[in-house]
Amino acid sequence: MKIARQPSVKTSLGVTDHPYMTGAWTPQHEELDAEDLMVLEGAIPPQLDGVYLRNTENPAHEPLGRYHPFDGDGMVHQIEFRGGQARYRNRFIRTRGFEAEQEAGQSLWGGLADGPGVSLRPGFGAHGALKDTASTDIVVHAGEAIATFYQCGEAYRLDPLTLETLGPASWAPLDGVSAHAKVDPATGELLFFNYSKHAPYMHFGVVDASGRRRLYQPVPLPGPRLPHDMAFSQNWAILNDLPVFWDAGLLERDIHAVRLHKGLPSRFALVPRKGGQPRWFEAAPTYVLHFLNAYEEGDEVVVDGYFQENPTPRPLADAPEQYAHLMAYLDEHSFRPKLHRWRFNLATGETVEQRLDDRVLEFGMFNQAWAGKPYRYAYSTTAKPGWFLFDGFVKHDLVTGESWSLKLPEGRYASEAPFAGRPGATDEDDGWLVSFIIDENTGTSECLVVDARTMDVTCRIALPHKISSGTHSVWAGRGELKPLP
């Protein structure tokens, strides 16, 4: 393995026992390039051609208050495949906040779990006092990677091959862009939304295949809300107004406390993708962290996602007292997301719901060639009880109801695993899942490639250092990247 290290960044972290700054969540501050990666098992498929990008939280400085893992600075880890070979690199996302704290040599902003008055400078996003870390999500659009912040940030552009930060996207509005913008491979469009604490509280936007914003319209809500994801079909963007959001009374005192507002239904807005009046549908109360896919079937728009049975859980009983609340809200076995289907009938205005699996599942992926269309296969993650750590994958055949599982050995934790299609494939599941693994048994990391048809391991590839855990990832095939020089 050939390694080239980059100059060190400034860090000021001290010793900690924080559960999300240790173990698989230990921050990684080293930036490097590595070639000739060692294959530990199997062989790299020569048809696997493109990049896997993984966004992670890596705090560079000692927190000013109570650290939440979503506060960490964004760092993108990449593995590039070509001709049966693999190379790796990782880089911090040079956001305005990251650069300001590098200059200051310390944290300047408080975090999600802090009360008012902690930040030393005015903050960003819907919350209004946070640092825009761009550490939540990442997609590839118009040949560039776009990294976004869950509470609405500037949408940072990166070169998906070199990982150079190219600055904020010019199309991003003043209210920012939420995590989970969607790219439609059929049109080349990027669909996005944002939310805020001022009317109309939510917007929907479309960026065309050349990177120009061509639509930005309000989707009015009754008050401040906390949507996290969206979906789309051929003609509709699906946004949401769910009954889990900030307590209005506490918000008047600048305290951002989330609660379940009993008596309110879930509401879903079907917004015409070309712009126009939303169609609203009601459904059972829940919170949805992530959706899978959506498609149209006759008069119905079908949406798949993960229905939370207990979106505001009690503090985790066996966790350290000072972290028990935080850990419960990160523990899937506490808020219990289940694979779920909503059917919205445009002719009758009715909603029909269906549970697709009763296991605790989340962070689903599917073959993006079927985005917005009827599809058959979904790939979800399973989680370690008590922790925000993935310990396996479940493949679903949504037509037959069959499923197949891949469970990781104890102490090995996965990253979100997007689908990488085999070039020229005609079958929907002909391809691979790609994931980064953190092995707490050995203190190492590797890349795992899984056959998406059989859920068998295709190969394991050693990485040059142990990475930190995080949230989201994306696969971009060679045709989605800018041409090589």
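Each chain carries its own residue numbering, running from 1 in the written order of its sequence. Given that the model is predicted, a residue must reach a pLDDT of at least 70 before its local features are reported, and side-chain atom pairs must reach 80 or more before they are shown or counted; all residues, however, enter totals for whole chains, interfaces and linings. Hydrogen atoms and water are omitted, and side-chain values are computed over all heavy atoms in the structure.

1. Quick notes on the overall build of the protein chain
Here is the rule we go by: Per the convention used, a helix needs a DSSP run of H or I reaching at least four residues, while a strand needs a run of E reaching at least two, with both numbered from the N terminus. The atom set for the radius of gyration is the C-alpha atoms, and the globule formula is 2.2 Å times the number of residues raised to the power 0.38. A 1.4 Å probe rolled over the protein chains alone gives each residue an accessible area, and that area as a share of the maximum for its type sets the label: buried under 20%, exposed over 50%, partly exposed in between. Any two residues having at least one pair of non-hydrogen atoms within 4.5 Å are treated as being in contact. Only the protein chains shown count as cover for residues, and all accessible areas are computed by the Shrake-Rupley method using a 1.4 Å probe. Charge assignment: positive for Lys and Arg, negative for Asp and Glu; neither His nor the chain ends contribute. Taken as the charge centre is NZ of Lys, CZ of Arg, CG of Asp or CD of Glu, depending on the residue.
Of regular secondary structure, the protein chain possesses 4 helices and 34 strands. Against the compact-globule benchmark of 23 Å for 485 residues, the protein chain has a radius of gyration of 21 Å, which places it among compact chains. With respect to the principal axes defined by its C-alpha atoms, the protein chain has extents near 60 × 55 × 45 Å. Taking all 485 residues of the protein chain together, 59% fall into the buried category. The contacts in the protein chain between residues at least 6 apart in sequence include a share of 60% that link residues at least 24 apart. Accessible surface, the protein chain: about 18,700 Å² in total, of which carbon and sulfur atoms supply 50%. Separation between the mean location of the 46 positive side-chain charges and that of the 63 negative ones in the protein chain comes to 2 Å.

2. Brief notes about helix α1 (residues 96–104)
Those residues of α1 that fall on the buried side of the exposure criterion are G97, F98, A100, E101 and Q102. Where α1 is buried, its residues meet β6 (85–92). The positive-phi residue at the C-terminal boundary of α1 is G105, with phi of around 75°.

3. Remarks on the side chain of N367
For clarity, the cut-off: Pairs of N or O atoms are called polar contacts if they sit within 3.5 Å, as long as, within protein, a hydrogen donor faces a hydrogen acceptor (for residues adjacent in sequence, only side-chain-to-side-chain pairs).
Assignment of secondary structure puts N367 in the loop between β25 (362–365) and β26 (377–383). Under the relative-accessibility criterion, N367 is labelled buried at 10%. At 3.0 Å, the side chain of N367 forms a polar contact with the backbone nitrogen of A369. Beyond its immediate chain neighbours, meaning those up to four positions away, N367 contacts F419 and E428.

4. Concerning unusual backbone geometry
With the exception of glycine, most residues fall at negative phi, and the peptide bonds are largely trans. Here the residue pair A199 and P200 is connected by a cis peptide bond, since its omega of 5° sits within 30 degrees of zero. One can find P200 in the loop between β12 (190–195) and β13 (202–207).

5. A closer look at the pattern of salt bridges
Test applied: The salt bridge definition used is simple: a Lys or Arg side-chain nitrogen within 4 Å of an Asp or Glu carboxyl oxygen.
With the rule as written, the count across this model stands at 41 salt bridges. In the salt-bridge network here, residues are joined through shared partners; they are E35, D49, E80, R87 and R478.

6. Regarding the sheet that holds strand β8 (residues 144–148)
Selection rule: Whether two strands pair depends on DSSP finding at least two bridges between them. For helices, the fitted line uses only the C-alpha atoms of the stretch in contact; every axis is such a line through C-alpha atoms, and the angle between N-to-C directions lies from 0 to 180 degrees.
What the 4 strands build is an open sheet, ordered β7-β8-β9-β10; its pairing is antiparallel. Strands with a single pairing partner mark the edges of an open sheet, and in this sheet they are β7 (137–141) and β10 (165–168). When strand polarity is set aside, the average angle formed by the axes of neighbouring strands in this sheet is 25°. Across 5 bridges, β7 lies against β8 in antiparallel orientation.

7. With respect to the pairing of β26
Counting buried positions along β26 gives 7 out of 7 residues, so the element sits mostly inside the fold. Neither face of β26 is open: one carries Y377, Y379, T381 and A383, the other A378, S380 and T382, and all of them are buried. Relative to β26, β25 runs antiparallel, the two sharing 2 bridges. Residue M365 lies in a different strand from β26, and its bridge partner there is Y379. As paired strands, β26 and strand β27 (residues 390–397) are joined by 7 bridges and run antiparallel to one another. When the bridges of β27 are listed, A383 appears paired with F390.

8. Digging into empty space enclosed by the protein
Short version of the rule: Here a cavity means grid points, on a 1 Å grid over the protein atoms only, where a 1.4 Å probe fits yet cannot get out; a pocket means an open set of points with protein on both sides within 12 Å along at least five of seven lines; lining residues are those with an atom within 4 Å of a point. Grid points are joined across faces, edges and corners, and a volume is the space filled by probe spheres set on the points. When residues are sorted by character, Ala, Val, Leu, Ile, Met, Phe, Trp, Tyr, Cys and Pro go into the nonpolar class, Asp, Glu, Lys and Arg into the charged class, and all the rest, Gly among them, into the polar class.
Tallied over the full model, the rule gives 2 cavities of 30 Å³ or more. Considered as a void within the structure, the largest cavity measures approximately 220 Å³ in volume. Y67, D71, W109, G110 and K131 are, among the 24 residues lining the largest cavity, the residues nearest its centre. Split into classes, the residues belonging to the lining of the largest cavity amount to 11 nonpolar, 7 polar and 6 charged. The space that makes up the second largest cavity amounts to roughly 30 Å³. Lining the second largest cavity are R225, L226, P227, N240, D241, L242, V244 and Y287.

9. As for the nonpolar core
Applicable threshold: Nonpolar cores were defined as sets of buried Ala, Val, Leu, Ile, Met, Phe, Trp, Tyr and Cys residues, with membership established by side-chain atoms within 4.5 Å.
Formed by 105 residues in total, the largest nonpolar core has its most connected members in I79, F81, F204, L239, C447 and I461. Once residues lying within four places of it in the same chain are set aside, the contact partners of F81 are I44, L48, D49, G50, A86, V434, C447, V449, I461, W475 and R478. Core analysis: the next-biggest nonpolar cluster, separate from the first, contains 16 residues, V76, I138, V474 and A476 among them.

10. With respect to the environment of K466
By the element assignment, K466 lies in the loop between β33 (457–462) and β34 (470–477). Judged by relative accessible area, which is 22%, K466 ranks as partly exposed. Along the primary structure K466 and P27 are separated by 439 residues, whereas in three dimensions their C-alpha atoms are 9.4 Å apart. The residues contacting K466, other than those within four sequence positions of it, are G23, A24, T26, Q28, I438, E440, G443, T444 and S445.

11. Some words on the pairing of strand β5 (residues 74–82)
The two faces of the sheet receive side chains in turn, since in a regular strand these alternate between them. Within β5, 8 of the 9 residues are buried, leaving the element largely enclosed by the surrounding structure. Of the strand pairs in this sheet, strand β4 (residues 50–57) and β5 are connected by 8 bridges, and their pairing is antiparallel. Bridge pairing links Y52 to I79 in β5. Inspection of the sheet shows β5 paired to β6 by 8 bridges, in the antiparallel sense. The residue of β6 that forms the bridge with E80 is R87. Here β5 folds back onto β6, and the loop between the two strands holds 2 residues, one of which, G83, carries a positive phi near 60°.

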